[in-house]
Amino acid sequence: MQLSLGPVLYNWPPDHWRDFYFRIADEAPVDVVAVGEIVCSKRAPFFDEHLPAVIERLERAGKTVLLGSLILVSQPRERRQTAALAEVADGLVEVNDLTCLRSISGRPHAIGPFVNIYNEAAASFHAAQGAMRICLPPELPLASVAAITAAVPQVVIEVFAFGRTPLAISARCYHARVHKLAKDNCRFVCDKDMDGLVVKTLDNQDFLTINGVQTLSHACTNLLRDVEKLEQGGVRSLRLSPQACDMVEVARTFRDVLDGRKDAEAGCRHIEQIYPNVPVANGFLHSAPGFSYVASDKPVG
Amino acid sequence: MELICPAGTPSALKSAIEAGADAIYCGFNDETNARNFPGLNFSRSELSEAITFAHGRGVKILVAINTFPRASALELWQRAVDDAVKAGADALILADIGLMDYAARHHPAQRLHVSVQAAAANPDAIAYYVETFGARRVVLPRVLSVPEIAAITREVSCETEVFVFGGLCVMAEGRCSLSSYATAKSPNMQGVCSPASHVAYAQTAQGVSSRLGGFTINQFAPDEPAGYPTLCKGRFSTELGAGYIFEDPVSLDATRLLSGLRDAGVSALKIEGRQRGRAYVESVVRHFRHALTALETGGEADVTRLKPFTEGQASTLGAYRKTWR
Amino acid sequence: MRSLFSTSTDALPLIPPLLGRAISPLPLPPLEFVLNGFLDRILSRNPQIFDRLGPHAGKRFAIKPTDLPFIFVIEAAAQRPCLSVVRELSADADAQISSSMANLLALVEGRLDGDALMFSRQLAIEGDVEAVLALRNAIDDARLDMAAEIGGLFGPLGEPVRRLLGAARDAILRSAQLQDRLS
């Protein structure tokens, strides 16, 4: 089982972002790292200056680097950014929207969790277009995951295994909205919330987080106790999505559990120390509400 | 511009036709369509009768098979495609790339429309569907401004269809798991958003509260207008205050933008609301039929008429006006 | 007129409180008897209602006109449909639907949109929302004409009764239309 690190979804200070990836390159036992700003096209220029150094450091450390494409591409600027990405000949692009498929199909590429692949027919279609790796949408139940891995054994199928779950993308920026700013003049207020802005219900229950134009869960996905079932289901890679916590230690813990150096129980307890005060969820995998946690001895559907 | 109208029942379909629809979109009574609500939609025989009825009056029937097939159960969706073709559907509205591939291979002569659920929001994505599956029309996601719609329509080689009235997804359509996060059921998989089975209303001293999957998502004072119990139109709080974080309860009404949409080259205008009653279908279709006639003759359309049908008794131009973002 | 009526969800006329009070002491069994015949007739003439109700057919719906001192409890089971009229809501109803009598009648005839009534807070639902949705969709598809259905109960006298009820309904519609103009 491989480990991959998804792109940083939040608007971190560029230097912090660079140093985060340098440390991942030097210390984290992950096989694959997806980089690039995929949430908001306005943020991309901040990271562009550090991107070559980050990629170089990661590759030098033996990681496979994927360049993530924007999730929602509607404006001309976003189209240009996406087209430029597709032209990168020597990198492996992680497609997060079908926009770049037109220029990239026929070439090897990866597919991120924002492309709707819900079944074996869609997976086979993408495999025929050159998809080598597919990170499936987080809301897929295990039965669907297993049917897909069986249909495309040549493709590395990955599931979203750690981090707040991306739930929606919008043309509207909620950070700007709650700060009473226009999107075009947002002052990049999303940089105040390195782990997203918590959204509570009227009963003061933690529920969601917002990250600019993206909405994520409040609960943190953790599939450590489901690893055995995922392996049986043909999953070949687990995705860890960066949160504002020690991601090197998160990756080590996953690696330790995968390699049998730690049991899942101890691994989960350790993760809850690394990323405290956030409830754990795995409901989607078990056909349960996404916010919920289903004990691993229950039958999986 | 063609007026595309919703029908959740054969009766609503007749009402829409009487009120001036050019085409009706509808779906089978199962999880293959994105309005898989109790008591709604068409059996196989109802669809066949509807197509005969509509064709006799020069009206087209578009069949929405716009959820994403469940793995290991593709047959249910493929059969929906086969049956809709056999029944004589004028077009299929599809979202899943695997199902489009199936339809294009098995029914190459069948007209295909790219559902809004496919979220094809720019000319490259749209061209991909056109070039790969021969799609003839794309229903544009509700994330675009009118100038952006015009630019897309100029550039793509298929027709464009846009929503002009009704429920407004605040999130990019087909890319939202908010509902399944709270209830385990999602538009993409089960064809339901905020399924009624997971909704509870409670009358309290302060008015009515709505809960979804156990989460309180709104509270309305006794006379305060309400909306659907969807998460994107719920009241929540952040450290910056409480209120409608995503969007107010409000419906799209683009009556005032019809000339702009026509000038943008849009081929078809779509009214949301297959889950609504006959009274809604008849009134909203009639309103837009009048508005389109007024557009041709230079008359004025009444822009206040549809207020009672809107969520929160309020309307918006949504992303069509750039400042909405 | 029909379309004008249906574009408005503003304030259909209420049954005056005095009238409501006046009919409140009336005995319920005769009313139940008539209404059961009415329900039987509607369901036997519109069997597709059961198809649309699906698994919700056996559920108990409490229909509460907010301007009348009664509650109708309907069980639309295919084998034995049953309607009872009660003064207090029993605890075993699966769902409760409350609105003015005029709104409820207009809903049954598909002259008003249920969601629009919800949005304007003229209709309240509690309990099994899914069952209520199935009932609403089943009835909306059935295109019921209450005046004709009630008229049908009266055999040879049906036509004059239908005309009378139709006229009464139209009077209500006109007063709603008038209210629209005044408001």
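Throughout this description, residue numbers start from 1 for each chain and increase along the sequence as written. Key to labels: chains lettered from A, ligands numbered from 1, both in the order written. Totals for whole chains, interfaces and linings use all residues, but because this is a predicted model, local features are given only for residues with pLDDT of at least 70 and pairs of side-chain atoms are given and counted only at 80 or more.

## What to know about the overall build of chain B
- Helix and strand labels come from DSSP, where a helix needs a run of H or I of at least four residues and a strand needs a run of E of at least two; each type is numbered from the N terminus. In terms of regular secondary structure, chain B is built from ten helices and 15 strands.
- Radius of gyration here uses only the C-alpha atoms, and the compact-globule reference equals 2.2 Å multiplied by the residue count raised to the power 0.38. Its C-alpha atoms give chain B a radius of gyration of 19 Å, near enough to 20 Å, the size a compact globule of 325 residues would have.
- Dimensions along the principal axes, computed over C-alpha positions, put chain B at roughly 60 × 55 × 40 Å.
- To sort residues by burial, count the other C-beta atoms lying within 10 Å of each one's C-beta; a count of 20 or more means buried, 12 or fewer means exposed, and anything in between means partly exposed. C-beta atoms are built from the backbone. The burial tally for chain B puts 65% of its 325 residues in the buried class.
- Residues are treated as contacting if the C-beta atoms built from their backbones sit within 7 Å of each other. Contacts in chain B between residues at least 24 apart in sequence constitute 62% of all its contacts with a sequence separation of at least 6.

## Considerations on the overall build of chain A
- Helix and strand content of chain A: eleven helices and twelve strands.
- Radius of gyration (C-alpha) of chain A: 18 Å, near the 19 Å computed for a compact globule of 301 residues.
- By sequence separation, contacts in chain A at least 24 residues apart represent 64% of the contacts at least 6 residues apart.

## Details of the packing of helix 1 (residues 10–18) of chain B against helix 2 (residues 44–55) of chain B
All names here are of chain B.
- In the contact formed by helix 1 and helix 2, the axes pass within 11 Å of each other and the chain directions differ by 15°. Between helix 1 and helix 2, the angle falls in the class roughly parallel. In the crossing of helix 1 with helix 2, the sense of the turn from one axis to the other is right-handed. Residues Pro 10, Leu 13 and Ile 17 of helix 1 form the contact with helix 2, whose own contacting residues are Glu 46, Glu 49, Ala 50 and Ala 54. Note on definitions: angles span 0 to 180 degrees between N-to-C directions of axes, and those axes are lines fitted to C-alpha atoms, for helices only across the stretch in contact. These descriptions rest on fixed angle ranges, namely under 35 degrees for roughly parallel, over 145 for roughly antiparallel, 65 to 115 for roughly perpendicular, and the rest for oblique. Crossings are classed by handedness, with left-handed meaning an anticlockwise turn of the near helix from the far one by less than a right angle and right-handed meaning a clockwise turn.

## Quick word on the sheet that holds strand 10 (residues 215–220) of chain B
Residue and element names in this part refer to chain B.
- Across the sheet, which stays open at both edges, the three strands sit in the order 8-9-10 with antiparallel pairing between neighbours. On the outer flanks of this sheet lie strand 8 (199–204) and strand 10, each paired with one strand and no other. Pairwise comparison of adjacent strand axes, ignoring direction, gives a mean angle of 25° for this sheet. For two strands to count as paired, DSSP must find a minimum of two bridges between them.

## What about the interface of chain C and chain B?
- Taken together, the contact between chain C and chain B spans 33 residues of the former and 34 residues of the latter.
- In terms of residue count, the dominant contributor to the side of chain C that touches chain B is helix 7 (residues 129–142) of chain C (eight residues).
- Across the side of chain C that touches chain B, the residue classes tally to eleven nonpolar, eleven polar and eleven charged. Under the grouping applied here, Gly and all other residues not named as nonpolar or charged are polar, the nonpolar ones being Ala, Val, Leu, Ile, Met, Phe, Trp, Tyr, Cys and Pro and the charged ones Asp, Glu, Lys and Arg.

## Some points on the environment of Pro 55 of chain C
- Among the structural elements, Pro 55 of chain C can be located in the loop between helix 4 (48–53) and strand 1 (60–65).
- A C-alpha to C-alpha distance of 9.3 Å links Pro 55 of chain C and Ala 134 of chain C, two positions 79 residues apart in sequence.

## Regarding the nonpolar core
- Membership of the largest hydrophobic core comes to 256 residues, with the highest contact counts inside it found for Ala 16, Ile 24, Ile 65 and Leu 92 of chain B.
- Counting residues per element, this core draws most heavily on helix 7 of chain C, at nine residues.
- Residue ranges assigned to the domains are those given by an automatic or database domain assignment. When residues of this core are sorted by domain, at least three fall in each of domain 1 (2–168 + 250–324) and domain 2 (178–243) of chain B.
- For Ile 65 of chain B, the contacting residues outside a window of four places in its chain are Gly 27, Thr 32, Asn 33, Trp 77, Ala 80, Val 81, Ala 84, Leu 92, Ile 93, Leu 94 and Leu 99 of chain B. Buried Ala, Val, Leu, Ile, Met, Phe, Trp, Tyr and Cys residues whose C-beta atoms connect them within 7 Å together make up a nonpolar core.

## Here's the deal with the interface of chain A and chain B
- Opposite the 53 residues of chain A that make contact, chain B presents 53 residues.
- Broken down by class, the residue content of the side of chain A that touches chain B amounts to 30 nonpolar, 14 polar and nine charged.

## Examining the domain arrangement of chain B
Residues and elements named next belong to chain B.
- Along its sequence, chain B is carved into domain 1 (2–168 + 250–324) and domain 2 (178–243).
- Distance between the C-alpha centres of domain 1 and domain 2: 26 Å.
- Between domain 1 and domain 2, the contact holds 14 residues from the first and twelve residues from the second.

## Considerations on helix 6 (residues 120–128) of chain A
- Counting buried positions along helix 6 of chain A yields seven of nine residues, so the element is predominantly enclosed.
- Within helix 6 of chain A the residues assigned to the buried category are Glu 120, Ala 121, Ala 122, Ala 123, Phe 125, His 126 and Ala 127 of chain A.
- Buried residues belonging to helix 6 of chain A abut strand 5 (109–111), strand 6 (131–135) and helix 7 (142–151) of chain A together with helix 3 (74–87) and helix 4 (97–106) of chain B.
- Backbone geometry just after helix 6 of chain A places Gly 130 of chain A at a positive phi near 115°.

## Examining the sheet that holds strand 4 (residues 95–99) of chain C
Residues and elements named next belong to chain C.
- A sheet is described by the order of its strands in space; here five strands give the open sequence 3-2-1-4-5, paired in mixed fashion. Either end of the sheet is taken by a strand with one partner, and the two such strands are strand 3 (82–86) and strand 5 (124–127). Averaged over neighbouring strand pairs, the angle between their axes works out to 20° when direction is ignored.
- Note that strand 1 and strand 4 share five bridges and pair parallel. The residue bridging Pro 65 from the neighbouring strand is Ser 99, located in strand 4.
- In the packing of helix 3 (residues 29–45) onto the sheet, the strands contacted are strand 2 (71–75) and strand 3, and the crossing angle to strand 3 comes to about 150°.

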